[in-house]
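One letter stands for each residue in the lines below.
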Amino acid sequence: MSTVEERAELLDRATATGQAIPQLTSAEPMTLETAYAVQHAGIALREQRGERLAGVKLGFTSKAKAEQMGVSDVIIGSLTDRMGIEDGGTFDVGRGVHPRVEPEVAFRLGPDAEPVAVAPALEIIDSRYRDFRFSLADVVADNTSASAFVLGPWTRIGRLDALAVDLLFDGEVVATGSTADILGDPLRALPAARRMAAEYGHRLFDGAVLLAGAATAAVALKPRTHVEARVAGLGSVSVRTKEG
Ligand code: 0L1
Ligand code: MG
């Protein structure tokens with residue numbers, strides 16, 4: 001039986017080398033509680049290297065994705081400052097295993113975990129498991145596939161329940177969706193995040209970012225692409241990919 005720390009180190013090494021690993025649960029069963037302990041141990045390794053917590057993210061926030069995974073609840077992961085890329089910045093696809101991108105909505109939290117601003121966002125997810133296949137416990141241990149995130153301009157929070165979302169590669173639309181695909185309304189990510197954070201030990205601190213969830217299916221990234229998310233009423237956010 002491997003320890004929580006040993007499992008976290010396996011995932012950490014896969015992240016650093018870009019070499020996929022077999023699912024942890026292919027070797028031994030893992031409860032959801034242990035999976036979150038592995039996730040926290042992985043974040044502790046990052047903190048030992050000088051990374052600082054930047055916030056949290058939710059996954060499985062769309063009905064389609066939850067049904068596909070056979071789950072009925074969201075999952076929560078941690079974001080660190082080093083996962084953040086400035087708007088218009090660059091992401092090296094060569095450093096990942098098989099990165100994909102999702103157009104999202106982000107909140108900035110104030111004191112008492114209340115949302116104080118909203119922004120269009122891109123999340124780059126990258127499962128450390130072979131073929132992007134995993135069980136619920138595996139993906140939780142793998143910090144919900146978190147890899148990088150890009151935030152667009154912060155703006156005042158208004159109605160967010162049905163904003164059109166486009167994901168573009170080099171100016172061509174590759175996926176379309178709606179903020180309604182994020183829990184029916186991205187504002188529902190707030191109580192969901194508070195509940196999950198309380199249950200699994202994540203901190204919703206003043207200034208934290210909350211990535212509320214994806215408005216379309218994730219799309220595989222390739223090098224030398226201008227990737228942009230447009231959220232009606234909120235604006236756009238972009239990143240350029242390179243390799244090596
Ligand atoms: O951020 C997400 O919605 C991804 C959650 C984990 C599942 C996946 O990697 O597709
Ligand atoms: Mg996401």
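Residues numbered from 1 in each chain as written. Chains lettered and ligands numbered in written order. Predicted model: local features only at pLDDT ≥ 70, side-chain atom pairs only at ≥ 80, totals over all residues. Heavy atoms only, no water.

1. Re the overall build of the protein
Scanning the protein from terminus to terminus reveals 5 helices and 13 strands. Its C-alpha atoms give the protein a radius of gyration of 17 Å, near enough to 18 Å, the size a compact globule of 244 residues would have. For the protein, the spread of C-alpha atoms along the three principal axes comes to 50 × 40 × 35 Å. Per-residue burial for the protein yields a buried fraction of 53% across its 244 residues. Nonlocal contacts in the protein, meaning residues at least 24 apart in sequence, comprise 73% of its contacts between residues at least 6 apart. Surface exposure of the protein reaches about 10,800 Å², of which carbon and sulfur atoms provide 49%. Once the 26 positive and 33 negative side-chain charges of the protein are each reduced to a mean point, those two points are 2 Å apart. (Helix = DSSP H or I, 4+ residues; strand = E, 2+ residues; numbered from the N terminus. Rg over C-alpha atoms; globule rule 2.2 N^0.38 Å. Buried < 20%, exposed > 50% of the residue type's maximum accessible area, 1.4 Å probe, protein only. Contact = heavy atoms within 4.5 Å. Areas by Shrake-Rupley, 256 points an atom, 1.4 Å probe, with all protein chains shown as cover. Lys, Arg positive; Asp, Glu negative; His and termini not counted. Charge placed at Lys NZ, Arg CZ, Asp CG, Glu CD.)

2. Comments concerning the coordination of the magnesium ion (ligand 2)
Binding of the magnesium ion (ligand 2) to the protein goes through E102 (OE), E104 (OE) and E123 (OE), at separations of 2.0 to 2.1 Å. Sequence spacing among the residues donating to the magnesium ion (ligand 2) works out to E-x1-E-x18-E. Residues E102 and E104 agree in their burial class; the two are buried. (Donors = N, O, S within 2.8 Å, 3.2 Å for Na, K, Ca; no water.)

3. Some points on the environment of A20
Here A20 is to be found in the loop between α1 (4-17) and α2 (32-48). Judged by relative accessible area, which is 28%, A20 ranks as partly exposed. A C-alpha to C-alpha distance of 8.9 Å links A20 and F132, two positions 112 residues apart in sequence.

4. Observations regarding the side chain of T80
With respect to the secondary-structure elements, T80 resides in strand β2 (residues 75-80). Excluding residues within four positions of it along the chain, T80 makes contact with I43, R46, E51, R52, L53, A54 and F149.

5. Some points on the packing of aromatic side chains
One pass over the full model with this rule turns up 2 aromatic pairs. Both rings, one in Y36 and one in Y200, keep their centres 4.0 Å apart while their planes meet at 20°; by these two values the pair is stacked. Of the two residues, Y36 is situated in helix α2 and Y200 in helix α5 (residues 189-200); the sequence distance between them amounts to 164 residues. For Y200, a relative accessible area of 14% corresponds to the buried category. Residues F132 and F134 carry aromatic rings whose centres are separated by 6.3 Å and whose planes lie at 55° to one another, so their mutual orientation is tilted. Its end group placed over the ring of F132, R100 keeps NZ or CZ at 3.7 Å from the ring centre. In this structure, R108 packs its charged tip against the face of W154, placed 5.1 Å from the ring centre. (Phe/Tyr/Trp six-rings, centres within 6.5 Å; stacked < 30°, edge-to-face > 60°. Lys NZ or Arg CZ within 6 Å of the ring centre and 35° of its normal.)

6. What to know about the site of ligand 1
All residues adjacent to ligand 1 are K57, G59, F60, K65, E102, E123, I125, F132, F134, V139, T144 and S145. Residue K65 places a side-chain N or O atom 2.7 Å away from an oxygen atom belonging to ligand 1. Between an oxygen atom of ligand 1 and a side-chain N or O atom of E123, the distance comes to 2.9 Å. Protein contact buries 97% of the 300 Å² of open area that ligand 1 shows by itself. Of all the elements in the fold, those that place two or more residues in the shell around ligand 1 are β1 (53-59) and β6 (115-125). A class-by-class count of the residues in the shell around ligand 1 yields 5 nonpolar, 3 polar and 4 charged. (Near = heavy atom within 4 Å. Polar contact = N/O pair within 3.5 Å; in protein donor to acceptor, adjacent residues only side chain to side chain. Nonpolar A, V, L, I, M, F, W, Y, C, P; charged D, E, K, R; others polar.)

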